[in-house]
Every structure is written in C-alpha cells, then in structure tokens.
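Summary of structural features
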2 protein chains.
Amino acid sequence: MQIGSKFTIGVHIITAIDYFKDMDRVNSEFLAGSIGVNPVIVRTVISQLREAGLVKTQRGSSGAELAKPLNEITLYDIYKAVGSVDEKEGLFHFHEQPNPDCPVGRNIHSVLDQRLMDAQKALEERLKTTTLADIAEDTKQAVGNESNEKKE
Amino acid sequence: MQIGSKFTIGVHIITAIDYFKDMDRVNSEFLAGSIGVNPVIVRTVISQLREAGLVKTQRGSSGAELAKPLNEITLYDIYKAVGSVDEKEGLFHFHEQPNPDCPVGRNIHSVLDQRLMDAQKALEERLKTTTLADIAEDTKQAVGNESNEKKE
DNA sequence: AATAGTTGTAATATATCGTGTTACAACTCT
DNA sequence: AGAGTTGTAACACGATATATTACAACTATT
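Below, the structure is looked at part by part. (Residues numbered from 1 in each chain as written. Chains lettered and ligands numbered in written order. Predicted model: local features only at pLDDT ≥ 70, side-chain atom pairs only at ≥ 80, totals over all residues. Heavy atoms only, no water.)

**Quick word on the overall build of chain A**
The condition that has to hold: Helix numbering and strand numbering both begin at the N terminus, where a helix is a DSSP run of H or I of at least 4 residues and a strand a DSSP run of E of at least 2. Radius of gyration here uses only the C-alpha atoms, and the compact-globule reference equals 2.2 Å multiplied by the residue count raised to the power 0.38.
A tally of regular secondary structure across chain A gives six helices and two strands. Listed by position from the N terminus, the elements making up chain A come as α-α-α-β-β-α-α-α. Against the compact-globule benchmark of 15 Å for 152 residues, chain A has a radius of gyration of 20 Å, which places it well outside the compact range. Judged by the C-alpha coordinates and their principal axes, chain A covers about 70 × 45 × 25 Å.

Have a look at this one:
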C-alpha cells in the first residue's frame with residue numbers, strides 16, 4: 001500500500017511555481033504538462049495547498065504564486081495539506097473486529113496503538129526536516145549539472 | 001491511504017500463538033475467532049509469516065508455533081513479512097510521468113527520492129525498536145489490570 | 001460591455017487493490 | 001480409513017486513486 005501521488009504532485013507544483021515564477025505563466029495547464037497528469041488533478045491539489053495556506057490562486061485569474069517563503073514550507077506541510085494520511089484513521093489500518101471475549105483480542109488495540117503512532121510520528125518528523133527551499137536548491141543544482149555534462 | 005490490516009493481524013497472530021501456547025490448540029479457526037476475520041485470511045498471513053521464518057506450521061497438522069523467541073521478532077519483521085510496503089515501489093507513490101522536457105520534471109524524481117526513502121527508513125527503524133516480547137508483556141499486564149479493575 | 005481564457009468543483013468512469021468467501025487438493029493424526 | 005486442518009487458487013465485492021468531462025464563477029483584455 002502506498003501514499004498517493006498527490007503528495008509528490010504537491011511537491012512538484014510548489015517547486016515549479018518557484019522555478020518558473022519569473023519566466024512563464026504558471027497555470028494549471030502548464031503545471032499539468034510538467035507533471036504529466038490531467039489539469040483537473042493539478043487544480044484539485046492546488047486547492048488543498050491553498051486551503052493549507054501554502055499557495056495563492058484566484059478564480060478566473062491565471063497563475064499561482066507562493067503564499068509563504070520556500071524555507072517555511074516543509075515536506076510535512078504538503079503531506080498534511082493533501083491528506084496523504086487520514087487524521088483519524090492513521091497510517092496503519094487496524095483490523096476492526098478483534099474479539100472482546102478474547103484476552104488478546106480485547107487488549108491488542110491499546111497495546112499496539114501507541115507504538116504504531118510512534119512509528120508514524122517518526123516518519124512525519126523526518127518529513128519536517130526538509131524544506132521546499134532544499135528541494136528548490138537541489139533542483140537548480142541538478143539542472144546546473146546537466147549543462148556541465150554536456151560540455152564534457 | 002493506509003498500510004493494510006495484514007500487519008496488525010500478523011502481530012495479533014504471533015501474540016496469540018504465544019499467549020495460548022499452553023492452553024488451546026492454536027489453529028487458523030481459533031485465531032480467526034480472536035482476530036475477527038475469515039480463517040483463510042489468517043492462513044494467508046500465517047503463510048507469509050512462515051516464509052519469513054517467524055512461525056512454524058504444517059499442512060494437515062493442527063496448530064502453529066513460533067519459530068523464534070519473541071524477543072527476536074520485531075514489528076518490522078512482521079511488517080516486512082506480510083509485505084506492508086512493496087519493496088520496489090516504496091511507501092510513497094511517485095507520479096509516473098513527469099515531463100522530461102521540463103527542467104523540474106526531469107529532476108524532481110532524483111531530488112526527492114532520497115528524502116522520501118529517508119522518511120520511510122525512519123518509520124521502519126522505529127518499528128525495529130519494538131519486539132513481540134514487548135507486546136506480549138504489555139498484553140499480559142493489560143489482562144492483569146482487568147482483574148484489578150474488577151476488584152475495585 | 002463583450003469575449004476569451006482560467007479556476008473551482010461536481011459528477012462520472014475506470015482500474016487497482018484490500019478483504020471476504022468458496023472450494024478443494026495435500027497432508028496429518030487417531 | 002475417516003475426520004479434521006493447512007495451503008492455495010479462484011472469484012466476488014467494495015473502496016479508493018486517478019482520469020476525464022462538464023460547467024458555473026470569475027478575471028483580464030479589448
């Protein structure tokens with residue numbers, strides 16, 4: 001089971017909005033072309049990013065821009081914004097009908113829950129350590145390396 | 001998106017095999033009753049646990065037993081055994097057709113991959129810190145607390 | 001003000017996957 | 001030999017991720 005691609009799409013969107021901010025009009029169609037998905041998918045994800053206060057868009061007005069500096073946006077913010085993991089359900093799906101008449105069945109939930117939550121937290125804390133400024137920088141560097149490779 | 005319940009079912013199975021090892025015949029039907037799922041689900045998960053060298057079962061012969069001491073089985077071992085996350089694909093589903101003609105599109109994958117892997121690793125390392133001996137102990141203690149509550 | 005283009009969102013379609021269930025051959029134990 | 005269990009294939013079903021169509025609401029431009 002995997003965390004949906006809306007998360008990496010969200011990262012791609014913000015990276016591209018920054019990268020092309022002075023060059024192209026960054027609208028949903030442009031982004032869809034860069035990402036390789038349907039423009040409606042892009043608009044859906046952007047809506048979620050907007051609700052989370054990460055980007056600014058306006059109905060009718062073409063183009064999106066960032067609502068925050070890149071170094072204040074972490075991978076976790078995007079992960080959260082696009083609802084990668086349901087808040088209530090959590091990352092781990094627990095079997096739903098453990099038998100209350102069985103000592104193991106009626107206690108397994110309380111015994112396991114905290115440890116599963118800890119593991120999920122470990123994942124999420126790690127996502128907080130990377131900002132979109134890191135991603136943007138690495139991207140520009142990767143693009144730079146491309147031209148070096150051509151020269152050689 | 002969630003990690004499937006086969007993981008918590010696997011934990012439940014091993015905990016129950018240990019808990020009832022001297023009391024009942026722990027076969028797939030018994031376990032299915034405790035977990036609250038179909039016996040075939042139990043047999044499927046047990047098959048995966050057996051292939052991973054965690055439990056021992058025999059065709060025709062009723063009952064399952066552990067192949068390792070509890071303190072040598074971690075949550076991660078079970079997570080891995082039941083294939084909670086596909087080895088090749090990883091925990092995060094990347095959008096599959098970023099545009100190679102776009103500087104962001106053709107670099108986003110390499111820029112992000114390592115960081116996503118790091119986050120997944122953080123989750124998995126955390127799962128390694130809990131052994132099934134911990135779970136078994138906590139379960140027995142929880143059962144003990146139940147009878148205390150009755151007294152009061 | 002009228003036109004063209006864009007966003008936001010609902011509605012629908014399709015494919016994939018988790019889970020449930022039936023069925024049965026292979027096997028063990030008594 | 002008979003009863004019971006495991007291992008596994010096959011199929012059903014519902015949930016969900018993603019794609020796509022459609023259109024109202026809105027902006028910018030002429």
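**A short note on the pattern of salt bridges**
Note that side chains of opposite charge can pair when their charged atoms are close. This is how the line gets drawn: By definition here, a salt bridge exists when the distance from a side-chain nitrogen of Lys or Arg to a carboxyl oxygen of Asp or Glu is within 4 Å. Type-normalised accessible area, obtained with a 1.4 Å probe on protein chains alone, sets the label of each residue: buried when under 20%, exposed when over 50%, and partly exposed for intermediate values.
All chains considered together, the criterion is met by 14 salt bridges over all chains. Two residues, Arg126 of chain A and Asp118 of chain B, come together in a salt bridge whose shortest N-O distance is 3.9 Å. Here the residue Arg126 of chain A occupies a position in helix H5 (residues 103-128), and Asp118 of chain B occupies one in helix H5 (residues 103-128), the pair thus bridging two chains. For Asp118 of chain B, a relative accessible area of 24% corresponds to the partly exposed category. Ionic pairing is found between Asp18 of chain B and Lys140 of chain B, a salt bridge with its closest N-O pair at 3.6 Å. Of this pair, Asp18 of chain B sits in helix H1 (residues 6-19) while Lys140 of chain B is found in helix H6 (residues 132-151), placing the two residues 122 residues apart along the sequence. When its relative accessible area of 9% is taken as the criterion, Asp18 of chain B is described as buried. Note on Lys140 of chain B: relative accessible area 44%, which makes it partly exposed. Via salt bridges that share partners, Asp18, Lys21 and Lys140 of chain A belong to a single interconnected network.

**Section: the interface of chain B and chain A**
What counts is decided by this rule: Between two residues, a contact is recorded if the distance between any of their heavy atoms is within 4.5 Å. Here's the idea: put two parts together, see how much 1.4 Å probe accessible area each one loses, and the total over both is what we call buried area. Definition of a polar contact: a pair of N or O atoms within 3.5 Å, with one able to donate and the other able to accept a hydrogen when the atoms are protein atoms, and with sequence-neighbouring residues admitted only if both atoms are side-chain atoms.
In this complex, chain B contributes 57 residues to the contact, which on the side of chain A involves 57 residues. Taking both sides of the interface into account, the surface hidden between chain B and chain A amounts to around 5,100 Å²; carbon and sulfur atoms contribute 64%. For chain B, the biggest contributors to the area lost against chain A are Met1, Gln2 and Arg115 of chain B; these three give 14% of the whole. Here chain B is connected to chain A by six salt bridges. One salt bridge in this structure joins Glu146 of chain B and Arg106 of chain A, with 2.7 Å as the shortest N-O distance. Across the contact surface, chain B and chain A share 24 residue pairs in polar contact (both at pLDDT 80 or more).

**Some words on the protein's contact with DNA strand C**
Applied cut-off: The criterion for a residue being near a molecule or strand is simple. One of its heavy atoms has to lie within 4 Å of it.
As a structural note, the neighbourhood of DNA strand C is formed by 26 residues, with Ser28, Arg43 and Thr57 of chain A together with Ser5 and Arg59 of chain B the closest of them. Those atoms of DNA strand C that come within 4 Å of the protein belong to sugar or phosphate at a rate of 65%. Side-chain polar atom of Arg25 of chain A to a phosphate oxygen of DNA strand C: 3.5 Å apart, as the coordinates give it. Taking Arg59 of chain A, its side chain carries an N or O atom lying 3.4 Å from a sugar or linking oxygen of DNA strand C. Of all the secondary structure elements, the ones that give two or more residues to the surface near DNA strand C are helix H3 (39-51) of chain A together with helix H3 (39-51) of chain B.

**Regarding the relation of the copies chain B and chain A**
Our working definition: Here the copies are matched by least squares. The fit uses the C-alpha atoms of residues with pLDDT of at least 70 in both.
With an RMSD of 0.1 Å, the fit of chain B onto chain A corresponds to turning through 180° and sliding 0.0 Å along the axis. Read as a symmetry element, the transformation amounts to a two-fold axis. Taking C-alpha positions as reference, the residue of chain B nearest the rotation axis is Leu123 of chain B, located at 2.4 Å. Taken as a fraction of all interface residues of chain B, those also at the interface in chain A reach 100%, which identifies the copy contact as same-surface.

**So, the protein's contact with DNA strand D**
Operational definition: Under the grouping applied here, Gly and all other residues not named as nonpolar or charged are polar, the nonpolar ones being Ala, Val, Leu, Ile, Met, Phe, Trp, Tyr, Cys and Pro and the charged ones Asp, Glu, Lys and Arg.
In the vicinity of DNA strand D there are 27 residues, among which Ser5 and Arg59 of chain A together with Ser28, Arg43 and Thr57 of chain B approach most closely. At 3.5 Å from a phosphate oxygen of DNA strand D is found a side-chain nitrogen or oxygen belonging to Arg25 of chain B. At the level of secondary structure, the elements contributing two or more residues to the surface near DNA strand D comprise H3 of chain A together with H3, strand S1 (55-58) and strand S2 (61-66) of chain B. Among the elements that make up the surface near DNA strand D, the one with the highest residue count is H3 of chain B (four residues). For the surface near DNA strand D, a count of residues per class yields five nonpolar, 15 polar and seven charged.

**Considering the packing of aromatic side chains**
We describe a pair of aromatic rings using the distance from one ring centre to the other and the angle between the two ring planes. Convention followed: Note on aromatic pairs: the rings of Phe, Tyr and Trp (six-membered ring only in Trp) are paired at centre separations within 6.5 Å, and the planes decide the class, stacked below 30 degrees, edge-to-face beyond 60, tilted for the rest. Whether a charge lies above a ring is judged from NZ of Lys or CZ of Arg, which has to be within 6 Å of the ring centre and within 35 degrees of the ring normal.
Counted according to the given criterion, the structure contains 10 aromatic pairs over all chains. Taken together, Phe7, Tyr76 and Tyr79 of chain A together with Phe92 of chain B form an aromatic cluster joined through their ring pairs. The ring of Tyr76 of chain A has Lys128 of chain A lying over it, and the distance from NZ or CZ to the ring centre is 4.7 Å.

**Digging into the pairing of S2 of chain B**
Where a strand is regular, its side chains alternate between the two sheet faces. Residue and element names in this part refer to chain B. What counts, and what does not: We call two strands paired when DSSP finds no fewer than two bridges between them.
Direction of pairing for S1 relative to S2: antiparallel, over a ladder of three bridges. Looking across to S2, one finds that Gln58 is bridged to Ser61. Following S1, the chain reverses through two residues before pairing antiparallel with S2; Gly60 in that reversal takes a positive phi of roughly 90°.

Such coordinate-based values are descriptive only and should not be taken to indicate function.
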